[in-house]
Amino acid sequence: MLERTISHYRIIDNLGAGGMGVVYRAEDLNLNRHVALKFLSRSLSGDENARKRFFHEARAASSLQHQNICTVYEIGEAEEEIFIAMELVEGRDLASIIAEGPLPLDEAARIAVDIARGLVEAHGKGIVHRDIKPSNIIRSRRGVIKITDFGLARSEGMTRLTREGGAIGTAAYMSPEQACGAAVDERTDIWSLGVILYEMISGRSPFASEYEQATVFSVINEEPAALSGVRSGVPLELERIVSKCMAKNPKERYQHADDLIVDLQEAICRMEKGDSTGRSAGRGAPGKNGKSKSPLPLVSVVIAAAAIAVIAAAWYFLPGRPLSRGGGGSDSNAGQVQWHNSVAVLPFRDLSKTGDQEYFCDGMTDAVNDRLSRYRELKVIATASMIRFRGSIKDIKEIGRELGVEHIVEGSVQREGERIRVRAQLVNAESGFHLWSDTLDERLESIFDVQDRISSMIAKALELTISGAAAREPGFAAPDMEAYEYYMKGMHFIKSKFVISFADDDFRAGVEMFHRALEIDPDFTMAYYGLAWAYEHHYMVTEDPRDREYVIDVCVKGCAFDPGSAQMAALKGYVLYAIEKNRDEGFGFLTRALELNPNLGEVNFLAGTCLLYHGLYEQAIPYLARALELDPYYFWTPYKLGVCYLELGDYEKSARYFDNYFEMAPVPLVFPSRYIALNVKMGDLERVRELIELTESKHPDYAYLPYCRAIFRAALGEKEEALAIFANSEVYALLGMKTEALGALDTEIRGTREYPYIFYLDLLNDPFYDNLHGDRRYQALLDREKKLNELAMKRYSSFNARDLP
């Protein structure tokens, strides 16, 4: 079979065999990528019913796109061979990991969470796996958990327990109803996951026997040994979860995998706090009391780091400069992967004779930045913030201190026809010492290799290890060079010009370049990302709903072509949450984006923005602060941070962020309503008067101008004047009109707001509602919102450091 070509797949290597057939590593000759190619055994291929079931279920599985599911690319038949082409996941299956001994308790629980997340996706599409077992779970080299073999009809060998109409699955992992040959639903997969979790904790199967029929009997009739009797230090909550998964009666199990996720995450939190955890520092049996030997629980360290960050942040805000300073004190440290080094790549200089290659230089800067950002221990300043240093007279030491980075990359590009000369050097920002420099002369078509080599050499000079980076996939297919040039031109217009100037001509020019790129290469993901970014920022200025329609369309297309793009996953998550109001799937895509690359400013910004939109302000701050560290001149980030601190009642910090936003924004006083409300709450009514007058002169058609005038009048006690302009719960409350305020507030919370906020913190901290305190109706509303906030905390605040590989 080796070196044979089936359809458009060249067989390279044998990866293993099972009851269904043999799996090979193969090269997809059409898309120039490596895949896992699984062939249906000849004995099954002659069974018409098995063939139909195989094709039907594999097609269903191919519709699943999730970070914890091995993707099915194609089901085909050629040269009398039936095959499935799947994502090639390099790593180890869970069976081999468990064979080495019990896993640390928290690690076992996290793996179970990831498996459950994949099951939520499958069950939501009406697909039941029916053969969840350790050998069908792979942990990639980057630590990502993948469920494999979705939709395969197992009907031969050891997995076949009965004849036609009987059970399909693996005996030791079958649910009782599955073992009896009865109809099954998603609860059978939850049973199987419970068995796996039992094995990860105990190191042994709860039901395995020497004979298959004895195993089946045990599954149906016997209870497994209690986990606490098999391994000391197992928390009662974790044991309860496993027992509930493995209830003989399906009605007594978790009915849905997302409910299991909630309980597992709570158990993990308790283990981190050292709450009867039984958490062990390594594999095998835990210590005497079952707890880690670490001197402080992890969560205590994180809280301490966050507290230090908040204190440190208080003194370094300076007007007119980015609020991020890097290197130590920052709100972004809370719950985030820590950086051990930092670098900023100055815009490459154009040394071409024609002097018209600025877009190409920006593309080179962006590409090197992108590759370096995949080293998770390295802080890399975003290209958009570096553009303002093009042609700067500031010296490297000054730039390094301004951006809070230890190293600077300088470079130049000289293009002559189809050849390029790229020179780059890495400099210590403080000392000016050159750590590395090189000059590369190549053909234009080798530009992607040049980008790889430069970033690799920089990483080597900084003593970064490739294991810390998301290396490029084997079989990476470089985009068409002409399409890539149009993409670079598009990004030059959008990120280097439009996002800074808001000039409509720059927006239209950038969009035109992206469309030309897609005419040449319709599958070019980066061009879709450029379009989505362009239209979303255009919407921020125009609020034209057609812009949002374009964003939705291009996100759907871009994610379909490259599910491994962190930028596209983050944008898709934002679109699903903020535009389509699909919270569950939206947060799923944002989690995936953070798993793929947590070192991108736009990924952190979009994650933090969606948390903010859900009223989870404290959870949003670390992501937005991290975004500001990575992209300190992206003015929307301090705006979002200003909103977070406003709703949390920290008005001084909120004011500093808003001041920074208005100083950096290209359009004077854009979206000032929050800032005006902040100054009303701070009691600076003279400043409010100035801001309203300035808004009236700069943006007379601003939609929220009546609201700003009304709260100003209400704060002055001018009841008739305020109500004649505009009335909402805040205006009524400021005027002491309790019944009207409570009626309007209930409608606003559940009816007219664009985003599905959880309002508990807003109501708790907002002085506009001070007149309502003590009213039992207001207290009832506050209690209701508190419960919703607690549910939101449990369900939607989980993409954090412990979810990252």
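What counts and what doesn't
- Residues numbered from 1 in each chain as written.
- Predicted model: local features only at pLDDT ≥ 70, side-chain atom pairs only at ≥ 80, totals over all residues.
- Heavy atoms only, no water.
- Helix = DSSP H or I, 4+ residues; strand = E, 2+ residues; numbered from the N terminus.
- Buried < 20%, exposed > 50% of the residue type's maximum accessible area, 1.4 Å probe, protein only.
- Contact = heavy atoms within 4.5 Å.
- Areas by Shrake-Rupley, 256 points an atom, 1.4 Å probe, with all protein chains shown as cover.
- Phe/Tyr/Trp six-rings, centres within 6.5 Å; stacked < 30°, edge-to-face > 60°.
- Lys NZ or Arg CZ within 6 Å of the ring centre and 35° of its normal.
- Salt bridge = Lys/Arg side-chain N within 4 Å of Asp/Glu carboxyl O.
- Pairing = 2+ DSSP bridges.
- Axes fitted to C-alpha atoms, helices over the stretch in contact; angles between N-to-C directions.
- pLDDT = per-residue confidence, 0-100.
- Parallel < 35°, antiparallel > 145°, perpendicular 65-115°, else oblique.
- Nonpolar A, V, L, I, M, F, W, Y, C, P; charged D, E, K, R; others polar.
- Expected span 1.5 Å × (residues − 1).
- Arc of directions from axis to C-beta.
- Left-handed = near helix turned anticlockwise from the far one by under 90°.

### Quick word on the overall build of the chain
Phase 1 of the analysis: Looking only at helices and strands, the chain has 33 helices and 15 strands in total.
Phase 2 of the analysis: Each of the 805 residues in the chain was classed as buried or not, and the buried ones make up 57%.
Phase 3 of the analysis: Long-range pairs, those at least 24 residues apart, make up 63% of the contacts in the chain with a sequence separation of at least 6.
Phase 4 of the analysis: Within the structure as shown, the chain displays about 33,400 Å² of accessible surface, and the carbon and sulfur contribution to it stands at 50%.

### Observations concerning the packing of aromatic side chains
Phase 1 of the analysis: Evaluation of the coordinates by the stated rule reveals 31 aromatic pairs.
Phase 2 of the analysis: Among the aromatic residues, ring-to-ring pairing joins Tyr-529, Trp-533, Phe-605, Tyr-634, Phe-635, Trp-636, Tyr-639, Phe-658, Tyr-661, Phe-662 and Tyr-675 into one connected group.
Phase 3 of the analysis: Taking NZ or CZ as reference, Lys-244 lies 4.4 Å from the ring centre of Tyr-254, over its face.

### Some remarks on the pattern of salt bridges
Phase 1 of the analysis: Under the defined criterion, the tally for this structure stands at 39 salt bridges.
Phase 2 of the analysis: Between Arg-33 and Asp-28 there is a salt bridge, and its shortest N-O distance comes to 3.9 Å.
Phase 3 of the analysis: A residue is classified by how much of its surface remains accessible, and Arg-33, at 26% relative accessible area, is partly exposed.
Phase 4 of the analysis: Given a relative accessible area of 2%, Asp-28 falls into the buried group.
Phase 5 of the analysis: Between Arg-548 and Glu-536 there is a salt bridge, with its nearest N and O atoms 3.0 Å apart. Placement of the pair is Arg-548 in helix α19 (residues 545–561) and Glu-536 in helix α18 (residues 525–542), with a sequence separation of twelve residues. For the residue pair Arg-548 and Glu-536, the accessibility class agrees, reading buried in each case.

### Let's talk about the pairing of strand β6 (residues 81–87)
Phase 1 of the analysis: Burial within β6 is extensive, with seven of its seven residues counted as buried.
Phase 2 of the analysis: The pairing of strand β5 (residues 72–78) with β6 spans six bridges and is classified as antiparallel. If you follow Gly-76 over to β6, its bridge partner there is Phe-83.
Phase 3 of the analysis: What sits between β5 and β6 in their antiparallel hairpin is a turn of two residues, with Glu-79 showing a positive phi close to 50°.

### Structural notes on the sheet that holds strand β9 (residues 145–147)
Phase 1 of the analysis: Here three strands make up an open sheet; going across it, the order is β7-β8-β9 and the pairing antiparallel. Each end of this open sheet is capped by a strand with a single partner; those strands are β7 (91–93) and β9. The average angle at which neighbouring strand axes cross in this sheet is 30°, direction not considered.
Phase 2 of the analysis: Alignment of β7 against strand β8 (residues 137–140), held across three bridges, turns out to be antiparallel. Bridging from a neighbouring strand, Asp-93 pairs with Ile-138 of β8.

### Here's the deal with helix α9 (residues 236–245)
Phase 1 of the analysis: Looking only at α9, the buried set comprises Glu-237, Leu-238, Glu-239, Ile-241, Val-242 and Cys-245.
Phase 2 of the analysis: Contacts made by the buried residues of α9 are with α4 (105–124), α6 (186–202), α8 (227–230) and α10 (257–272).

### So, unusual backbone geometry
Phase 1 of the analysis: In the Ramachandran plot, Asn-32 falls in the positive-phi region, its phi being about 55° despite a non-glycine side chain.
Phase 2 of the analysis: Inspection of the secondary structure assignment puts Asn-32 in the loop between β3 (21–28) and β4 (33–40).
Phase 3 of the analysis: Of note, the phi angle at Arg-130 is positive, near 75°, even though the residue is not glycine.

### Regarding the confidence of the model for the chain
Phase 1 of the analysis: The share of residues in the chain with pLDDT of 70 or more is 83%, and the mean pLDDT across the chain is 80.
Phase 2 of the analysis: Confidence drops under a pLDDT of 50 for residues 276–330, and excluding neighbours within four residues, the segment shows 100 contacts in the predicted structure.
Phase 3 of the analysis: In the model, residues 466–476 has pLDDT below 50 throughout and makes 20 contacts with residues more than four positions away in sequence or in other chains.

### Some remarks on the environment of Gly-233
Phase 1 of the analysis: Mapped onto the secondary structure, Gly-233 falls in the loop between α8 and α9.
Phase 2 of the analysis: For Gly-233, a relative accessible area of 29% gives the class partly exposed.

### Thoughts on the packing of helix α26 (residues 673–681) against helix α28 (residues 705–715)
Phase 1 of the analysis: With their axes 10 Å apart at the nearest point, α26 and α28 run at an angle of 5° to one another. One way to sum up the angle between α26 and α28 is to call them roughly parallel. Of α28, the residues touching α26 (which contributes Ser-673, Ile-676, Ala-677 and Val-680) are Tyr-707, Cys-708, Ile-711 and Ala-715.
Phase 2 of the analysis: When grouped by side-chain class, the residues that make up the contact of α26 with α28 number seven nonpolar, one polar and no charged.

### As for α19
Phase 1 of the analysis: In this model α19 runs 25 Å from its N-terminal to its C-terminal C-alpha over 17 residues, within 8% of the 24 Å that 1.5 Å per residue would give.
Phase 2 of the analysis: The set of residues buried in α19 consists of Asp-547, Arg-548, Val-551, Val-554, Cys-555, Gly-558 and Cys-559. Each buried residue of α19 lies within a common arc of 135° when the element is viewed along its axis, so the set occupies one face. Across from the buried face of α19, at angles greater than 90 degrees, the exposed residues are Pro-545, Arg-546, Glu-549 and Ala-560.
Phase 3 of the analysis: Where α19 is buried, its residues touch α18, α20 (566–579) and α21 (583–596).

### As for the packing of helix α16 (residues 481–501) against α18
Phase 1 of the analysis: It is the contact of α16 with α18, at a shortest axis distance of 10 Å, that shows an interaxial angle of 20°. Judged by the angle between their axes, α16 and α18 are roughly parallel. Regarding α16 and α18, the two cross each other, and that crossing is left-handed. Packed against α16, whose contacting residues are Tyr-484, Tyr-487, Met-491, Ile-494, Lys-495, Phe-498 and Val-499, the element α18 presents Met-526, Ala-527, Tyr-529, Gly-530, Trp-533, Ala-534, His-537 and His-538 at the interface.
Phase 2 of the analysis: The residue inventory of the contact of α16 with α18, partitioned by class, reads eleven nonpolar, three polar and one charged.

### Some thoughts on the environment of Asp-114
Phase 1 of the analysis: Of note, Asp-114 is situated in helix α4.
Phase 2 of the analysis: Sequence spacing of Asp-114 and Val-144 is 30 residues, and the spatial spacing of their C-alpha atoms is 8.3 Å.
Phase 3 of the analysis: When residues no more than four places from it in sequence are discounted, the contact partners of Asp-114 are Asn-68 and Ile-145.

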